[in-house]
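Fold and geometry: a report
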Amino acid sequence: MPLSHIGLYPGRARTFRAIRQLRTQIAIISIGVIVLFAGLLLSTQARAQQLTVSPAWTVVQVSGEARVRPTGQDQPQIPWQTLTPGAQVSVASETETGPNGLVRLTRGEDVIRIMPASRLAIPPRPAASIFTRIRVLLGKAFFDVDKRAGEEFEVQTPYLAAIVKGTSFSVSVTGERSRVNVAEGLVGVTALGNGQSVNIGPGQSARVTSQPNAGVSTETLAPVSYTHLTLPTNREV
């Protein structure tokens, strides 16, 4: 309609203005929805990247005798294989070191150092699980765990379970007891016999014995012991 005629039809003019305003509002809402959807998509992708961590560990260094083998109910008994730098240690496996063996494993920013005469197992991990679980069956291992949102790291022994979020600590196991020593961060320790749970921080230790229904015993480490909590250097594996 020519502009000169709009004044003759004020009702239509108001209708045209209302339509234009409605179109503008729809365009603004559409842009807002697109921006919101893009933000949610990026947030979902970022979270997926945080949670998508390969379950396999990489052997970075090996010293002395060290070997690995698959485990699992559906696995036949497979002979031990010698560990070499660059090898992948996957879930459903166990790693063992000899009297002079040392192994350093990495996965992203996480580090595990397996000390001599030790055995460590990595159980299967369901695809949707937020837990990384490691089992120290015998001996001693040092852990340096990176903090990630939505990710839980748990170390199990025959007598206790330790849940951590970004920390450095050691776990040792004998036939009589399991112990956790913390260098950095906070570790939640639960006795598997009676369910007692405690949190321990830097310079603290928690112990659970093999006695039936044994609880968690805690202590503050002596300065010399606390110094020894420092993770071995790269040269020491």
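For the structure itself, look to the data block above.
These notes cover the structure that comes with them.

What counts, and where the lines are drawn
Residues numbered from 1 in each chain as written. Predicted model: local features only at pLDDT ≥ 70, side-chain atom pairs only at ≥ 80, totals over all residues. Heavy atoms only, no water. Helix = DSSP H or I, 4+ residues; strand = E, 2+ residues; numbered from the N terminus. Buried < 20%, exposed > 50% of the residue type's maximum accessible area, 1.4 Å probe, protein only. Contact = heavy atoms within 4.5 Å. Areas by Shrake-Rupley, 256 points an atom, 1.4 Å probe, with all protein chains shown as cover. Core = buried A, V, L, I, M, F, W, Y, C linked by side-chain atoms within 4.5 Å. Salt bridge = Lys/Arg side-chain N within 4 Å of Asp/Glu carboxyl O. Pairing = 2+ DSSP bridges. Phe/Tyr/Trp six-rings, centres within 6.5 Å; stacked < 30°, edge-to-face > 60°. Polar contact = N/O pair within 3.5 Å; in protein donor to acceptor, adjacent residues only side chain to side chain.

1. Observations concerning the overall build of the chain
Secondary structure summary: the chain contains three helices and 17 strands in total. Across the 237 residues of the chain, 37% fall into the buried class. Contacts spanning at least 24 positions in sequence make up 47% of the contacts within the chain whose residues lie at least 6 apart. In the structure as shown, the chain presents an accessible area of about 13600 Å², 57% of it carried by carbon and sulfur atoms.

2. Here we look at the nonpolar core
Core analysis: the largest hydrophobic core is formed by 36 residues, its most contacted members being Ile112, Leu120, Ile134, Phe143, Phe169, Val180 and Val187. Considering each element in turn, this core owes the most residues, five residues, to strand E9 (residues 131–145). In this view, isoleucine 112 contacts Trp57, Val103, Arg104, Leu105, Leu120, Ile134, Ala141, Phe142 and Phe143; residues no more than four positions away in its chain are not counted.

3. What about the pattern of salt bridges?
Within this structure, the stated rule accounts for six salt bridges. We note a salt bridge from arginine 133 to glutamate 154, for which the minimum N-O separation is 2.7 Å. Of this pair, arginine 133 sits in strand E9 while glutamate 154 is found in strand E10 (residues 152–156), placing the two residues 21 residues apart along the sequence. In this structure arginine 133 comes out as partly exposed when scored by relative accessible area, which is 32%.

4. Description of the pairing of strand E1 (residues 57–63)
Successive side chains on a regular strand alternate, one facing one side of the sheet and the next facing the other. Looking at chain direction, E1 and strand E4 (residues 88–89) are connected through two bridges and run antiparallel. Its bridge partner lying in E4, tryptophan 57 is registered against valine 89. Examined bridge by bridge, E1 and strand E6 (residues 102–107) share five bridges and lie antiparallel to one another. Note on E6: the bridge partner recorded for threonine 58 is threonine 106.

5. Comments concerning the packing of aromatic side chains
Inspection of every chain in the model, using the stated rule, returns three aromatic pairs. Ring plane angle 85° and centroid distance 6.5 Å describe the contact between tryptophan 57 and phenylalanine 153, whose orientation is recorded as edge-to-face. Of this pair, tryptophan 57 sits in strand E1 while phenylalanine 153 sits in strand E10, placing them 96 residues apart in sequence. Under the relative-accessibility criterion, tryptophan 57 is labelled buried at 1%. For phenylalanine 153, a relative accessible area of 3% translates into the label buried. Ring geometry for phenylalanine 143 versus phenylalanine 153: centroids 6.1 Å apart, planes at 65°, classification edge-to-face.

6. Considerations on the side chain of serine 172
Counting through the fold element by element, serine 172 comes out in strand E12 (residues 167–173). Look at serine 172 and you get buried, because its relative accessible area is 13%. Of the polar contacts made by the side chain of serine 172, one reaches the side chain of arginine 177; its length is 3.1 Å. Contact partners of serine 172, with chain neighbours within four places excluded, come to Gly139, Lys140, Arg177, Ser178 and Arg179.

7. Observations concerning unusual backbone geometry
For alanine 117, which is not glycine, the phi torsion reads 55° and is therefore positive. Notably, asparagine 213 is not glycine yet its phi reads approximately 60°, a positive angle. Looking at the secondary structure, you find asparagine 213 in the loop between strand E16 (204–209) and strand E17 (217–220). Its relative accessible area of 58% is what places asparagine 213 among the exposed residues.

8. A closer look at the environment of glutamine 196
Here glutamine 196 lies in the loop between strand E14 (187–191) and strand E15 (197–200). What makes glutamine 196 partly exposed here is its relative accessible area of 32%. Sequence spacing of glutamine 196 and glycine 215 is 19 residues, and the spatial spacing of their C-alpha atoms is 5.9 Å. In contact with glutamine 196, not counting residues within four places along its chain, are Val189, Thr190, Ala191, Gly215 and Val216.

9. Regarding the pairing of E6
Burial analysis of E6 places six of its six residues in the buried class, which makes it a mostly covered element. Both faces of E6 are covered, namely the face carrying Leu102, Arg104 and Thr106 and the face carrying Val103, Leu105 and Arg107. As paired elements, E6 and strand E7 (residues 110–114) share five bridges and run antiparallel to each other. Of the residues in E7, the one forming a bridge with valine 103 is isoleucine 114. Where E6 folds back onto E7 in an antiparallel hairpin, the turn is made up of two residues, including glycine 108, whose phi is positive at roughly 65°.

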